[in-house]
Amino acid sequence: MHTYVDGGLSDTERAEVDAWLRAHPDDAERVRAYAEQNALLRSLYNPVLDEPIPTPLLAVRTRAWRQYAAAAAIFALGIGLGWLLRGEFITPQMVPVSLARQAATAHVVYAPEVRHPVEVTASEEPHLVGWLSKRLGTTLKAPKLGPLGYELVGGRLLSGLQGPVAQFMYQDARGQRLTLYVSRQRGEPRDTAFRFSQEDRVSVFYWVDGNYGYALSGEIRRDLLLQVAEVVYKQLNP
Amino acid sequence: MRRYARALVGDRYVADDLVQDTLERAWNKFYLWRPGSDLRAWLFTIMHNVFVNQARRRRYEIEQAMEELPAVAVRATQGEQLELEDVDRVLRSLSTEQREVVLLVAVEQLTYEQVSRALDIPIGTVMSRLSRARERMRQLLGNQNVMPLKVVK
């Protein structure tokens, strides 16, 4: 039953346990309780991943500078692993709606639109950027992704949990669309590393920069999306 | 690592100290790490050792503190959702050995095999600790059907 709850069974074994659980309500209840414990514990402690890392931890000191560098490397590796594995820890039904999830939702709503994918098209880019900047209370930029094969389609204003949200849409020659979602974040300004989240078919790279959260969504391979996300990040933080 | 440390010890600053000590130790022992083996599990092993050593030193203090701890009391659930603080309180009430296993399995999602290696205990011990911890949590959290939850595959 534990292996069943923790996802260690093959399909056949799982089917067998499923059948057993249908006939044994007490065990089914137990399994349900264990799965719930897992979900509760994750939602309790996953937020630690989003906290800024305290400076002392970024500067673990040992005797020689080489040790210092290596400790930093190990730590970076730890962060990297955490980041790579992060998507797997999210239990969608338990975690408060996150930036990645909101962005992915907005992506699946608007990206398939044929006639009205955006409110203001790229032909009026200065107006679009000016308008969204005004509504979000910051100076926005629509990154230039032409060299990567993605042209700006336009953008729209959305309503998010923290107020107005800007969505920019890009498209490549084959009609593959990416959206960049920019929303104001609650609380103290902070910066986070790139994070990845897989929301059904939509891959999302997202990060927080000061008071604003950015999320780039697309139904493309993670490595390709990462290339675009890096370009976006560089253009927004020259 | 910060997530696991926080869940293990509870206090934020103590947890970050544990992470820092672990990282320092990891570097000093880095030559022991076999390239290609599971770095994450290896770091959890080091964290476990650092934690156990610190705990041994502090055992006397902990024993004293334990006597002052109130018995675990879980509030009646309000509405439909178990309070997360209740879950945390129940987690704290487990023995350290049980808490480590539960957290590595549930939060860090290591396999039982990885947990067995990280904590250097037989896999049977992993299973029995996990089983006892989960039953205890289930009893303390009550049997309410609090949340419609899909069983995780």
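A quick note: this is a predicted structure, and the numbers were derived from the prediction, not measured. (Residues numbered from 1 in each chain as written. Chains lettered and ligands numbered in written order. Predicted model: local features only at pLDDT ≥ 70, side-chain atom pairs only at ≥ 80, totals over all residues.)

**Q** Break down helix α1 (residues 2-9) of chain B for me, with residues and values.
**A** Residues and elements named next belong to chain B. Burial of α1 is extensive: eight of the eight residues sit out of reach of the surface. All of the buried residues in α1 are Arg2, Arg3, Tyr4, Ala5, Arg6, Ala7, Leu8 and Val9. Of the residues trailing α1, glycine 10 is marked for its positive phi of about 90°. (Buried ≥ 20, exposed ≤ 12 C-beta atoms within 10 Å, placed from the backbone. Helix = DSSP H or I, 4+ residues; strand = E, 2+ residues; numbered from the N terminus.)

**Q** So what's going on with the nonpolar core? Residues and values would help.
**A** B:Tyr4, B:Ala5, B:Met47 and B:Leu103 are the most contacted members of the largest nonpolar core, which has 49 residues in total. The biggest single contributor to this core is helix α3 (residues 25-45) of chain A, with eight residues. Core analysis: the second largest hydrophobic core is formed by 34 residues, A:Leu128, A:Leu132, A:Leu140 and A:Val165 among them. (Core = buried A, V, L, I, M, F, W, Y, C linked by C-beta atoms within 7 Å.)

**Q** Explain helix α4 (residues 84-93) of chain B to me, using residue names and the numbers behind them.
**A** Turning to α4(B), its buried residues are B:Val87, B:Val90 and B:Leu91. Buried residues of α4(B), viewed axially, fall in a sector of 105°; they line one side. Check the buried side of α4(B) and you find it contacts α3 of chain A together with α5 (96-106) and α7 (123-140) of chain B. (Arc of directions from axis to C-beta. Contact = placed C-beta atoms within 7 Å.)

**Q** Any details on the confidence of the model for chain B? Residues and values, ideally.
**A** Residue and element names in this part refer to chain B. In the predicted model, chain B carries a mean pLDDT of 79, and 75% of its residues have values of at least 70. When the criterion is pLDDT under 50, residues 68-81 qualifies, and its contacts beyond four places in sequence or with other chains add up to 19 contacts. In the predicted structure, residues 143-153 sits below a pLDDT of 50 and forms 22 contacts with residues beyond four places in sequence or in another chain. Quick note on the complex model: pTM equals 0.49, ipTM equals 0.77. (pLDDT = per-residue confidence, 0-100.)

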